[in-house]
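Each chain, letter by letter, is given below.
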Amino acid sequence: MREIPMYEPAKIEKKWQKIWADNKAFAATNDYSKPKYYTLIEFPYPSGQGLHVGHPRPYTALDIVARKKRMQGYNVLHPIGWDAFGLPTENYAIKNHVHPAEVTKKNIDHFRAQLQMLGFSFDYDREVDTTDPNYYKWTQWIFLQMFKRGLAYKSNMPVNWCTGCKCVLANEEVVDGVCERCGSPVVHRQQSQWMLKITAYAQKLLDGLDDVDFIDRVKISQRNWIGRSEGSEVDFQLEGTQDKLRVFTTRVDTLFGATYMVLSPEHPYIEKYKDQIKNYDALMEYRAAAQRKSDFERTEINKDKTGVEIDGLRAINPMTGKSIPIWISDYVLMTYGTGAIMAVPAHDERDWDFAKKFGLPIVEVVSGGKNVQEECYPDVATGTMVNSGFMNGMTVAEAKKAAIEYAIEHGFGERKINYKLRDWVFARQRYWGEPIPIVHCPKCGMVPLDEKDLPLLLPDIKNYEPTETGESPLSKITDWVNCKCPQCGGDAKRETDTMPQWAGSSWYFLRYCDPKNDMALAAKEALQYWMPVDWYNGGMEHTTLHLLYSRFWNQFLYDIGVSPVSEPYKKRTSHGMVLGTDGQKMSKSRGNVINPDEMVDLLGADAFRMYEMFMGAFDQAIPWSTTGAVGCRKFIERVWRLQGILTDDEGLSDDMKASVHATIKKVSEDFDGMKFNTAIAQMMTLVNELVKKGSVTRGEYKALLLLLNPVAPHVTEEIWEMNGFGAPIYTQPWPEYDEAAMVKDEVEIAIQINGKIRGRIMVPANLTREDADTLREHPDVVKAVGDKQIVKFIFVPGRLLNIVVK
RNA sequence: GCGGGCGUGGCGGAAUGGCAGACGCGCCAGACUUAGGAUCUGGUGUCUAACGACGUAAGAGUUCAAGUCUCUUCGUCCGCACCA
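All residue numbers refer to positions counted from 1 along the written sequence of the respective chain. Each chain takes a letter, starting from A, and each ligand takes a number, starting from 1, following the order in which they are written. Thresholds applied to this predicted model are a pLDDT of at least 70 for local features of residues and 80 or more for the giving and counting of side-chain atom pairs; totals over whole chains, interfaces and linings are not thresholded and use all residues. Side-chain figures throughout are based on the complete set of non-hydrogen atoms in the structure, without hydrogens or water.

## Examining the overall build of chain A
Test applied: Runs of H or I in DSSP of at least four residues are treated as helices and runs of E of at least two as strands, each being numbered from the N terminus. The cut-offs for exposure are 20% and 50% of the maximum accessible area for each residue type, with area from a 1.4 Å probe on protein chains only; residues under the lower value are buried, those over the upper are exposed, and the others partly exposed. Note that His is not counted, nor are the chain ends; the positive residues are Lys and Arg, and the negative ones are Asp and Glu. Charge positions come from single atoms, namely NZ of Lys, CZ of Arg, CG of Asp or CD of Glu.
The secondary structure content of chain A amounts to 26 helices and 32 strands. A principal-axis box enclosing the C-alpha atoms of chain A has dimensions of 100 × 85 × 50 Å. Buried positions account for 55% of the 806 residues belonging to chain A. Looking at charge distribution, chain A has the averaged site of its 98 positive side-chain charges lying 1 Å from that of its 108 negative ones.

What follows is the structure, encoded as structure tokens:
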């Protein structure tokens, strides 16, 4: 046993981090002739709290992938940056009277130091920062391109108003009726808003999913979010007027059963027919009550339907010609479909509840259910049309076709595809965001800034407080607001809203390809070479927000010839959350937050990284366990101590050959398949075998260190160097395995009688099903069978032998 | 309510339909030690003195064989929210 020095992670980790930095070991090169690999993690929001133990999980996972791909000869782009605009920083700045830019800089420096402490192989030369004017210049540029093509527009819309942030939120940012960021209640409010027409890309965003390798959960969520539904739009004549009331329905077959209609309380016809409506005040009261509620409250009370009948306005069912009443109710949303529905209580649960409550007629048009007066019959798969004139006797499917054809022919309907996806509210009345590069001119209207005048810098101001009126703090800086119209040169005013935090993160993966370019958002050749991202990992919580937004921006940029690919991400995976030791989500209020700095002090970065990967399946939420993490530290020390039993043999010893090759295979495959925990378990098994054997050859040790390097990069480099194994591991090729070397002569298989284990025997490893009959003579088999009758003889090579007996 | 996931020892978790519990934590015993919260060795699902039986939330089914596939139920987590 040789004397070996103590393992001191603090020392060797700093040493290797410096060597990597000094040698730019992980810089992606611009050698476009090499095969490339682009790994991407969601760049962090540099919050004041610094890194928590959740961050390093996906970061370590893709660091492993990046390091392995480099060793396999790829030119790897593994970048990092900062998604630094946003409310928490602004709120902190307001509270502490510091400029958000200063706060941001401090937070970024802290984050970078923490990431470096963990030894991630990021290419720090390609860092991007969304708050850097050289970066947001291009965010603004993309906005202008959208504006010029009508995809960015202003609209007076009911918007979500956060009572805490004094700010408008996207629908997607409202969680359970409260603001996703601050938790304050969200109410509805009418406001003129910048919108991005993501709905124009609904179908493309849907279609694009067919060609990408995203985990199923992500695809399903995005499909549901986009929510395509095929149906029809049908016009109902407003009785006594020239107007028609248009509805969207997926059940046009049930048109004969439409016994009343329901409008959203915000429907414009209520204003339009104000004079004709006798209970206008009651309607207004109902509408006001509905608007005071958030979406959440509006739906909370859904067990008990509410509504008011419009007195003085009725519609004609186009099929029956009958006059039917019109109601308003908050369960009909202005933001989906046409803001009005035809109600078929016999065959729609909500309509049935509503009709029962208000005593409205229920007419069966599809037979096959029970009495529709007692129970709704919404089944579309079975049933025959009744009470439906020319459609009687048809199936539902036939009636759907017949009804819409009839409607088209008679000019009161058309086929229509609807999406749940809504346009993206793209403005914030806040300071810390990208200024929207638009000027309001009394003569020319909304005028885009000239591209050569970008970036439009965020002015330096003292007071960032949101205004009580809901206007941006920028509106108070008159010498910034007042400007000349780029078109006519006359006096004009700047747009004072800023962009939401999602803007900068919607295209950062393109900037990484060429982050310092000031002529374009990135050079064509760079984009051509690096895009698409080969592997993007991020949280499930971003599936319907960031992931969809960034696909939208990239598709737009593809359409205008900027991005070379229509889909930006080839593969998308998602990591599970790291929970507190109590199995609950980590949060300050619960007091179960684990600090990564403390963990690195205790364990070293290598053991910390290893535990993050070993703790459980990568895609599942796992509680943190510090004692479990100590086990990883012990394993690393075990690897370290192998130096004490190192021999001079450069090869593999005969009895280890199969294990070493099997480990190379298992680790290689498991890293690619995100099964980091079982890859590490396999390496632990190998080390256990080596310790048991009592010696390790240089060849065996090298193989182990190469495999372990992506997980524990510092300690493996140190051992490699101490024992003169050659140039640093980061320059070494990934080990290859030899299938032939793994083959053993004999394997143990189980003998089962009627599926129950009755013994184990050794058989030649290459024994095939055809040759297995010889096993009938095997003494152990004969013994196990006894005097019973063999009915069936099933041999699974390398696994087991199952004999069915009577 | 709809959609999706999950349910395996004391704990985290393994397991292309083919020997359930790999690997790690914890625990027990032993060795080496002045000492051990270091290291090494052995053990560790439940019941049983043992042979053996039972065992992957519960119940049924398919199969020579089910943690894995199908159905029902329960629990739990996540997403969505009256979507016409």
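Resuming the write-up.
## Considering the environment of Met519
Within the secondary structure, Met519 sits in the loop between helix H15 (508-511) and helix H16 (524-530). By relative accessible area, which is 71% here, Met519 ends up exposed. Distance in space between the C-alpha atoms of Met519 and Pro564 is 17 Å, their sequence separation being 45 residues.

## A few points about the pairing of strand E21 (residues 438-441)
Threshold: The pairing criterion for strands is at least two bridges between them, as found by DSSP.
Both E21 and strand E22 (residues 445-448) contribute to a ladder of 4 bridges, which runs antiparallel. Its bridge partner being in E22, Val439 is matched across the sheet by Val447. Counted between consecutive antiparallel strands, the loop separating E21 from E22 contains 3 residues.

## Quick look at the pattern of salt bridges
Our working definition: In the sections that follow, a salt bridge refers to a side-chain nitrogen of Lys or Arg positioned within 4 Å of a carboxyl oxygen of Asp or Glu.
Here the structure, examined in full by the defined rule, presents 41 salt bridges. For the salt bridge of Lys36 with Asp534, the shortest nitrogen-to-oxygen distance reads 2.8 Å. Here Asp534 lies in the loop between H16 and strand E25 (535-538) and Lys36 lies in strand E1 (residues 36-41), a separation of 498 residues in the sequence. You'll find Lys36 and Asp534 in the same group, each marked buried.

## As for a negative patch on the surface
Inclusion rule: Only residues above 30% relative accessible area that lack a salt bridge enter a patch, with like-charged residues linked at up to 9 Å and the nonpolar side chains Val, Leu, Ile, Met, Phe, Trp and Tyr linked at up to 5 Å. Using a 1.4 Å probe, accessible areas were evaluated by the Shrake-Rupley method; residue-level cover was limited to the displayed protein chains.
A contiguous patch of negative charge, built from Glu349, Asp353, Glu374 and Glu375, is present on the exposed surface. On the secondary structure map, Glu374 appears in the loop between strand E17 (366-367) and strand E18 (384-385). Owing to a relative accessible area of 60%, Glu374 belongs among the exposed residues under this scheme.

## Thoughts on the sheet that holds strand E2 (residues 75-77)
Strand order in the open sheet formed by 5 strands is E2-E1-E25-E26-E10, and the pairing between neighbours is parallel. The open sheet has two free edges, formed respectively by E2 and strand E10 (213-214), since each of these has just one partner strand. By the bridge criterion, 3 bridges tie E1 to E25 in an arrangement that is parallel. Its bridge partner being in E25, Thr39 is matched across the sheet by Trp535.

## Observations regarding the pairing of E25
Let me state the cut-off plainly: A crossover gets the label right-handed when its path from the first strand over the helix to the second runs clockwise, viewed with the strands pointing away from the viewer.
Residues Trp535 and Asn537 point to one face of E25 and Tyr536 and Gly538 to the other, with burial holding for every one of them. Bridging between E25 and strand E26 (residues 571-574) involves 3 bridges; their strand directions are parallel. Residue Asn537 lies in a different strand from E26, and its bridge partner there is Thr573. Handedness of the E25-helix H17 (residues 546-559)-E26 crossover: right-handed.

## With respect to helix H3 (residues 87-96)
Selection criterion: Directions pointing from the helix axis toward each C-beta atom define the arc. Residues count as neighbours in contact if any of their non-hydrogen atoms are within 4.5 Å of one another.
For H3, the complete set of buried residues consists of Leu87, Thr89, Glu90, Ala93 and Ile94. Each buried residue of H3 sits inside an arc of 160° when the element is viewed along its axis, so together they form one side. Among the structural elements, helix H4 (100-117) are those in contact with the buried residues of H3. After H3 finishes, the residue His97 shows a positive phi value of roughly 55°.

## Re the sheet that holds strand E24 (residues 491-494)
Our working definition: Axis angles are defined between N-to-C directions and span 0 to 180 degrees, where every axis is a line fitted to C-alpha atoms and, for a helix, only to the segment in contact.
A sheet is described by the order of its strands in space; here 4 strands give the open sequence E22-E21-E24-E23, paired in antiparallel fashion. Since the sheet does not close on itself, it has two edges, and those belong to E22 and strand E23 (482-484), each with one partner. Recorded for the sheet is a direction-independent mean angle of 45° between the axes of neighbouring strands.

## Brief notes about unusual backbone geometry
In the segment running from Leu454 into Pro455, the intervening peptide bond is cis, with an omega of 0°. Its location among the elements puts Pro455 in the loop between E22 and helix H13 (478-481). A cis amide bond links Met531 with the next residue in sequence, Pro532, at an omega value of 0°. Here Pro532 lies in the loop between H16 and E25. Even without a glycine there, the phi angle at Lys24 is positive, about 45°. For His97, which is not a glycine, the phi torsion comes out positive at approximately 55°. If you trace the backbone, His97 turns up in the loop between H3 and H4.

## With respect to the packing of aromatic side chains
So the rule is basically this: Only centres within 6.5 Å qualify two rings of Phe, Tyr or Trp (six-membered ring in Trp) as a pair; their planes then separate them into stacked at under 30 degrees, edge-to-face at over 60, and tilted for everything else.
Under the defined criterion, the tally for this structure stands at 47 aromatic pairs. On the basis of an interplanar angle of 70° and a centroid distance of 6.2 Å, the ring pair of Tyr406 and Phe412 is categorised as edge-to-face. On the basis of relative accessibility, which here comes to 28%, the residue Tyr406 falls in the partly exposed class. Centroid distance Tyr611 to Trp624: 4.9 Å. Interplanar angle 90°. Geometry classified as edge-to-face.

## Here's the deal with the side chain of Asp497
This is how the line gets drawn: Whenever two N or O atoms come within 3.5 Å, that pair is a polar contact, provided that in protein one can donate a hydrogen and the other can accept it, and provided that, for residues adjacent in sequence, both atoms are side-chain atoms.
Structurally, Asp497 is set in the loop between E24 and helix H14 (502-505). Side chain to side chain, Asp497 and Gln429 meet in a polar contact 2.9 Å long. Setting aside its immediate chain neighbours within four residues, Asp497 contacts Ala427, Arg428, Gln429, Pro435, Ile436 and Ser472.

## Remarks on the environment of Pro378
For Pro378, the location among the structural elements is in the loop between E17 and E18. Classification of Pro378 by relative accessible area gives partly exposed; the value is 34%. Considered as a pair, Pro378 and Val796 are 418 residues apart in the sequence and their alpha carbons are 50 Å apart. Not counting residues up to four positions away in its chain, the partners in contact with Pro378 are Arg251, His347 and Glu349.

## Concerning helix H24 (residues 713-722)
H24 sits mainly inside the fold: 8 of its 10 residues count as buried. Listed in full, the buried residues belonging to H24 are Pro713, His714, Val715, Thr716, Glu717, Glu718, Ile719 and Trp720. Where H24 is buried, its residues meet helix H1 (9-22), helix H2 (56-71), helix H19 (605-614), helix H20 (626-641) and helix H23 (698-708). Taken from the residues just after H24, Gly724 is the one with a positive phi, measuring 60°.

Read these as layout, nothing more, since geometry by itself doesn't imply function.
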